[in-house]
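Close look at the chain arrangement
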Amino acid sequence: MKITDLMSKEAIKIHGHASSKMDAIEQMVSLMYRQGNVSDKEVYKEAVIERENLSTTGMVDGIAIPHARTNAITQAGIAAMTLPEGVDYESMDGQPTTLIFLIGAPDNGENLHLQVLSELSTLLMDHDFCEDLKNAGTPEEFLSIIDLAQSAKHEAETVEHPEVLAVTACPTGIAHTYMAAEALEKKAKEMGVSIKVETQGSVGVKNELTQEDIENAKGVIIAADKNISLNRFNGLPLYSCPVARGIDEPEKLIQIILNQRVPVYKGEKIKVENNQEKGWRIPYKHLMNGFSHALPILVAAGFMSVFALGFTFLEHTQYFDILNVLGNILYLFVLPVFSGYIAMSIADRPALGPGLVCGYIAYSGFSLNWTYNPYDALANSSGFLGAIVGGFLAGYLVLAVKRLFKNIPDMFDGIKPVLLYPVLGILASGIAMIVLNTYLVKCHTLIIDHLYDLPLISVVIIGASLGAMMSIDMGGPINKFAYLFANALVFTQAPNSDVIMAAVMGAGMIPPLAIGFSTLIFKERWTQEERGTTLKNIIMGLSFVSEGAIPFMKKDQKHILPACILGSFITGALSAYYKCGIKVPHGGIWVIYLMTNPFKYVIALLAGTIVAGLIITFTHKSEN
């Protein structure tokens, strides 16, 4: 269905003017009447106003789409008007409306107006398309712009197989995963290239690549900071890189695949020069793979434990013991899962079992001392430190076992992954981990003991320092290190661990909150497109997703980044000073009811947000 089949140049008014919302509706109804679609002008106008009274059809970005279905419409139609000066149409973002579409449909049981509304709304999501319509000089040009956009959209939708495939993933699977996907899709559209992006986020795999997609594509981009299973891409040109490059360099990545400047993947380990992973990025990727799998379990365990404590004031607390039991069960799995998936990232599935064993040894405190005094076996734990060491130990020992049996006859290939690798890997890594755990437990205990009786100034310094780290790279390695450190302390229930966790979470909320504060209060300092991100940034900030500020930081890193670091530093310091505490390692403002000193926590958040927001407002490069 072509939108322009429901329009005529008589129903389009270019460079119109309206003194009010009612005046605009009156003019739009007259345009529809001029087109010959209306049998009773007054009845139709009342239907439009009645629909408007339910909720405004003034959208964001200067768009309004009033519509009504009534017997006063003889044939479905669309009228349109551009208003360069704008009109107050009670739009959702409070901004003047500069482009109005009026949709009319007969009340004959069909939902044609809904189909038209859906098609038109999809097109109007494109900012450039809207600007082209607003700048049209004649009704004929207006119609032509719609035709071209709708044809391009349908052509893109009917592409049988995408030219380029991509998979995006980040350790927590919240922001970077989807930002990289959005950047790749947007750039591909600009380049006229068909692309399909699979996201492996916290809610699972979305837009999954099919075997048919893989067989017909020119190549695949893996933009991920955790290990992705690559077996399905055998025989396909493959380029792997950090997820940040998917956000920063989407055009370059797409061009690499189009120009076939990458070798075909044949099941072997990807060469360093192809995936740009060097030095510290290799162990970091393994570490984040373990963390991304363990984090949901740790968050759930924290919720269960805190909820169980929250019901202690009730008379029959035994009914809520199940929450405590579930929390303890979940805590049991955190370190084995963390260690197991680090090992699996290094040496694939045969290393999962050895990694789980090493993680449990870290959790239980098994060491050489167990040989002499079995009652001390569960007395101590080496915590996250032991799980990290155990994961890398298991992974690289399984790799060594693989190399050892690399040249045995092919007839034994079937038992390698299910017998030789896991059994020998568990034996080797288990014994080694028990030996190492003797010393890891002592190191871990020393760290925990150091946190006892810390003076308040030391806790404030830790909170402020980790808070600043949360904004230095907004979801990058430094941010993840600070967050992992806080999580490790919460897991071990170390003294002041809940205070440090609250400081880290609050600091991570500041960058998008500061941007949202500035674009909301100082609208004249920002472009229309930037103002359109206000609600998104505020929600992301309140949800403890700091990456919402990344697009702004990339435009003016020199001014925005220092402001965010300072704001996070202030929030981290104040949160720690007020001794705000939380044992749940995620959730942002939505878990504030589980926090100690929640009102003072809000003060800490407001202080960091306002300071950073004001600095950003008056130092960033305004395009207005």
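As a reminder, the structure under discussion sits directly above these lines.
The residue numbering used here restarts from 1 in each chain and proceeds along that chain's sequence as written. Since the coordinates come from a predicted model, pLDDT governs what is reported: local features require at least 70, and pairs of side-chain atoms require 80 or more to be given and counted, while whole-chain, interface and lining totals use all residues. The side-chain values count all of the structure's non-hydrogen atoms but skip hydrogen atoms and water molecules.

Observations concerning helix α9 (residues 250-258)
Note the cut-off: Burial here depends on accessible area, computed with a 1.4 Å probe over protein chains only, as a share of the maximum for the residue type. Under 20% is buried, over 50% is exposed, and the range in between is partly exposed. Helix and strand definitions follow DSSP, with helices as H or I runs of at least four residues and strands as E runs of at least two, each counted in order from the N terminus. Throughout, the arc means that of the directions going from the helix axis to the C-beta atoms. Residue contacts are defined here by distance: any two heavy atoms, one from each residue, within 4.5 Å place the two residues in contact.
Here α9 has its buried residues at Pro 250, Leu 253, Ile 254, Ile 256 and Ile 257. For α9, the angular spread of buried residues about the axis comes to 155 degrees, placing them on one side. Each element contacted by the buried residues of α9 is listed here: β6 (164-169), α6 (176-191), β7 (195-201), β9 (219-224), β10 (238-241) and α8 (243-248). After α9 finishes, the residue Gln 260 shows a positive phi value of roughly 55 degrees.

Some words on unusual backbone geometry
Of note in this structure, Asp 348 is not a glycine but carries a positive phi near 70 degrees. Mapped onto the elements of the fold, Asp 348 is located in the loop between α12 (321-347) and α13 (352-364). With relative accessibility at 38%, the residue Asp 348 sits in the partly exposed group.

A closer look at the side chain of Thr 534
Rules: Polar contact is the term for a pair of N or O atoms within 3.5 Å; when the atoms are in protein, one must be able to donate a hydrogen and the other to accept it, and sequence-neighboring residues count only if both atoms are side-chain atoms.
As for its placement among the helices and strands, Thr 534 is situated in helix α21 (residues 534-542). Separated by 2.8 Å, the side chains of Thr 534 and Thr 519 make a polar contact. Residue contacts for Thr 534: discarding those within four places in its chain leaves Gly 516, Thr 519 and Leu 520.

Description of the environment of Phe 618
Here Phe 618 shows up in helix α24 (residues 598-619). Among the residues examined, Phe 618 registers a relative accessible area of 56% and is labelled exposed. Separated by 100 residues in the primary sequence, Phe 618 and Ser 518 place their C-alpha atoms 9.5 Å from one another. Setting aside anything within four residues of it in sequence, one finds Phe 618 in contact with Phe 522 and Arg 525.

Some details on the packing of helix α17 (residues 456-472) against helix α23 (residues 557-577)
Two packed helices can be described by the angle between their axes and the distance between those axes. Note the cut-off: A fitted line through C-alpha atoms serves as each axis, taken over the contacting stretch for helices, and the angle formed by two N-to-C directions is quoted from 0 to 180°. Angles below 35 degrees are treated as roughly parallel, those above 145 as roughly antiparallel, those between 65 and 115 as roughly perpendicular, and all remaining angles as oblique. Less than a right angle of anticlockwise turn of the near helix away from the far helix marks a crossing as left-handed, whereas a clockwise turn marks it as right-handed. Gly is put with the polar residues, along with every residue not named as nonpolar or charged; the nonpolar set is Ala, Val, Leu, Ile, Met, Phe, Trp, Tyr, Cys and Pro, and the charged set is Asp, Glu, Lys and Arg.
One can describe the packing of α17 onto α23 by two numbers: an axis separation of 7 Å at closest approach and a directional angle of 150 degrees. When the axis of α17 is compared with that of α23, the two are roughly antiparallel. Taken as a pair, α17 and α23 cross one another with a handedness that is right-handed. Seen from α17, the contacting residues are Leu 456, Val 459, Val 460, Gly 463, Ala 464, Gly 467, Ala 468, Ser 471 and Ile 472; seen from α23, they are Leu 561, Cys 564, Ile 565, Ser 568, Phe 569, Gly 572, Ala 573, Ala 576 and Tyr 577. Taken together, the residues that form the contact of α17 with α23 break down as 13 nonpolar, five polar and no charged.

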